[in-house]
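Structural features, examined
Letter by letter, the chains look like this.
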2 protein chains.
Amino acid sequence: MTRPAYVAVDWGTSSFRLWLIGEDDSILGERRSGEGMTSAAQTGFAQVLQSHLTALSAPDNLPVIVCGMAGARQGWVEAGYIDTPTSLAAILTGAVSVPGQARDVRILPGLAQRAKDVPDVMRGEETQLLGAIPADAKGEQIVCMPGTHSKWVRVVNGQVIGFSTFMTGELFDVITKHSILSHAVAGAAELPADSAAFETAIKAAFKKPSLATNLLFTARAGQLLHGLTAAGAQALISGTLIGAEIAGALSSAGQGATITLVASGRLQALYEDAFRTLSLTYTTVDADAAVRRGLSAAAKAIWPNNERTR
Amino acid sequence: MTRPAYVAVDWGTSSFRLWLIGEDDSILGERRSGEGMTSAAQTGFAQVLQSHLTALSAPDNLPVIVCGMAGARQGWVEAGYIDTPTSLAAILTGAVSVPGQARDVRILPGLAQRAKDVPDVMRGEETQLLGAIPADAKGEQIVCMPGTHSKWVRVVNGQVIGFSTFMTGELFDVITKHSILSHAVAGAAELPADSAAFETAIKAAFKKPSLATNLLFTARAGQLLHGLTAAGAQALISGTLIGAEIAGALSSAGQGATITLVASGRLQALYEDAFRTLSLTYTTVDADAAVRRGLSAAAKAIWPNNERTR
């Protein structure tokens, strides 16, 4: 039987995911819960981590590599930021040790773009990026990591040149919950329930992103004047926000840049539909696999001895 | 003493404003309250109106002209819409009588743009527009009526060609209250507290409106990386939304079109600052005066006899 080599943890704001990884890189066990940073800051990070390790009967001396919001100022131990431009490998060198733990626990840093006019930060996505892009990649790559705060990263010859966060997911959430458009979407099933409306909105917002906040209101007017359905309104809002995001993100991309989508599940389906609708060529990398690969690269760099025990 | 000729009411979603107008067009009395459509739909529209008329000792036979959400489906009596393109004067002919009232009460219709790709509606702003633009105006005029839902109207030779609603005010509200940016603006005073940050954001969003939802996130990143203040973050969010709105609204305006801003108070100051920052020429019409003039034009068209009693 394969012996466990290390534990990989993706610790987000509202989610916790842990994998027990074997010496042959196989996944020996997996845990998922809602004990993200917000919840763990109350109950204790060490306690949350140990409860999941105990559930998987992980040996006491097994090291743990962590990425995400556990390294934020309001997280477990602040892991700081690596500044752009930077090589992807640099994040491996910035891991901080969590003091006072029986086992070796390291948290990976985030990335910061300190330009005064477009400051930006990420925590967790840098590890996905590390797992999504080959270290020896050549040319310009545009990496799209959709989510509550979608991250678009420009990588040239393996260097992270810069990145941009678009508040797409969170805006969809607050608009459909708290604005007048909440009435227009009331009762709609989960996205994407109306692909035709989604694709029409993607095209309209991509073509004229300056009209995004106007197009959003057509969900209300369409309901009043043309009996637009809740599913149609929801797809229109989602398509408008995503279409404007793609237009903005690609506005500074060079010709010939390739697009890599790092996503899974519902978001993967939505963004693939958007890229197809806009006739944009893209490659998809599964987001879960990417973060595991990134954590694995970090673990191997930090604990090379675990490698040799194979 | 001047005798009262009619009563003018601007009945919005969350606000009620009433003026007692004399035969010589002077304002004999004024009432303002929060008894907008939402509240009046509960307590009764007739009751709310009568309480304010009683407070001003308005004669029992005095006619009342109303604009705004009192004419919505969920309002007092549905007043329908006049479809664009239309002359401004056409809204005068679309007033509906409220049945079962001791006095003559008329509600003005809204405007509807039924184009399938950009449906839009307004209620109340059409009356402001009537009071803001001379009936014999020549050439192209772009009228900006900022608010919860900003309305931009294109008028050519006195004809309303089309209009666009931008959700600027409501987006500012839900973003600063319900998104992660609520932390960045916590404790900020009322806008505009940081003009420099506001003007920088206006320029950035006007230049690249496709990056609007990215620029919004710089309020968060700027706080983390550069100690951006709450007033600065608030001004950045407001400037981003207004800058993108102006870019979108003017994207289809013809060269040589004149901009008329119909606003008062805080919104007037913000939009004048934005127009100046972008070196755009504009004329301001006071929003209160505009809606009164529009209601007055309607009253004189509907009850010409009141005119003759002067």
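That block above? That's the structure.
Below, the structure is looked at part by part.

Reading the values: rules and limits
- Residues numbered from 1 in each chain as written.
- Chains lettered and ligands numbered in written order.
- Predicted model: local features only at pLDDT ≥ 70, side-chain atom pairs only at ≥ 80, totals over all residues.
- Heavy atoms only, no water.
- Helix = DSSP H or I, 4+ residues; strand = E, 2+ residues; numbered from the N terminus.
- Rg over C-alpha atoms; globule rule 2.2 N^0.38 Å.
- Contact = heavy atoms within 4.5 Å.
- Areas by Shrake-Rupley, 256 points an atom, 1.4 Å probe, with all protein chains shown as cover.
- Lys, Arg positive; Asp, Glu negative; His and termini not counted.
- Charge placed at Lys NZ, Arg CZ, Asp CG, Glu CD.
- Least-squares fit on C-alpha atoms with pLDDT ≥ 70 in both.
- Pairing = 2+ DSSP bridges.
- Expected span 1.5 Å × (residues − 1).
- Buried < 20%, exposed > 50% of the residue type's maximum accessible area, 1.4 Å probe, protein only.
- Arc of directions from axis to C-beta.
- Buried area = accessible area lost by both parts, 1.4 Å probe.
- Salt bridge = Lys/Arg side-chain N within 4 Å of Asp/Glu carboxyl O.

1. Some words on the overall build of chain A
On a plain count of helices and strands, chain A comes out with twelve helices and 15 strands. The C-alpha atoms of chain A give 21 Å as radius of gyration, which agrees with the globular expectation for 310 residues (19 Å, within 12%). Overall, the C-alpha framework of chain A stretches about 65 × 40 × 40 Å when taken along its three principal axes. A sequence separation of at least 24 residues applies to 63% of the contacts in chain A between residues at least 6 apart. Counting every atom, chain A has about 12300 Å² of accessible surface; 50% of that belongs to carbon and sulfur. Looking at charge distribution, chain A has the averaged site of its 25 positive side-chain charges lying 2 Å from that of its 27 negative ones.

2. Some words on the relation of the copies chain B and chain A
For the pair of chain copies, the relating transformation is a rotation about an axis with a translation along it. Aligned on chain A, chain B shows an RMSD of 0.0 Å; the corresponding rotation is 180° and the shift along the axis is 0.0 Å. A rotation of that kind, with that shift, is consistent with a two-fold axis. When C-alpha distances to the rotation axis are compared across chain B, the minimum falls at S210(B), with a value of 2.9 Å. An overlap of 100% is found between the interface residues of chain B and their copies at the interface of chain A, pointing to a shared contact surface.

3. What to know about the sheet that holds strand β4 (residues 64-68) of chain B
All names here are of chain B. In spatial order, the strands read β3-β2-β1-β4-β8-β7; together these six strands make up an open sheet with mixed pairing. Since the sheet does not close on itself, it has two edges, and those belong to β3 (27-33) and β7 (96-97), each with one partner. Two strands pair when backbone bridges link them, and β7 and strand β8 (residues 105-107) are joined in this way by two bridges, in the antiparallel orientation. Across the sheet, residue V96 finds its bridge partner in β8, namely I107.

4. Considerations on helix α7 (residues 195-207) of chain A
All names here are of chain A. Here α7 contains 13 residues, and its C-alpha end-to-end distance of 18 Å stays within 8% of the 18 Å for a straight helix at 1.5 Å per residue. Every buried residue belonging to α7 is among A197, F198, A201, I202 and A205, and all of these are buried. The buried residues of α7 occupy an angular sector of 140° when projected down its axis, which confines them to one face. Those residues of α7 that are exposed and angled more than 90 degrees off the buried face are A196, T200 and K207. Buried residues in α7 make contact with α8 (212-226), α9 (230-250) and α10 (265-277).

5. Overview of the interface of chain B and chain A
The interface is formed by 48 residues belonging to chain B together with 48 residues belonging to chain A. For the pair chain B and chain A, the summed buried area comes to about 3900 Å², and 67% of that belongs to carbon and sulfur atoms. Broken down residue by residue, the surface that chain B buries against chain A is led by M167(B), F217(B) and L225(B), which jointly contribute 16%. Taken together, the connections running from chain B to chain A amount to zero salt bridges.

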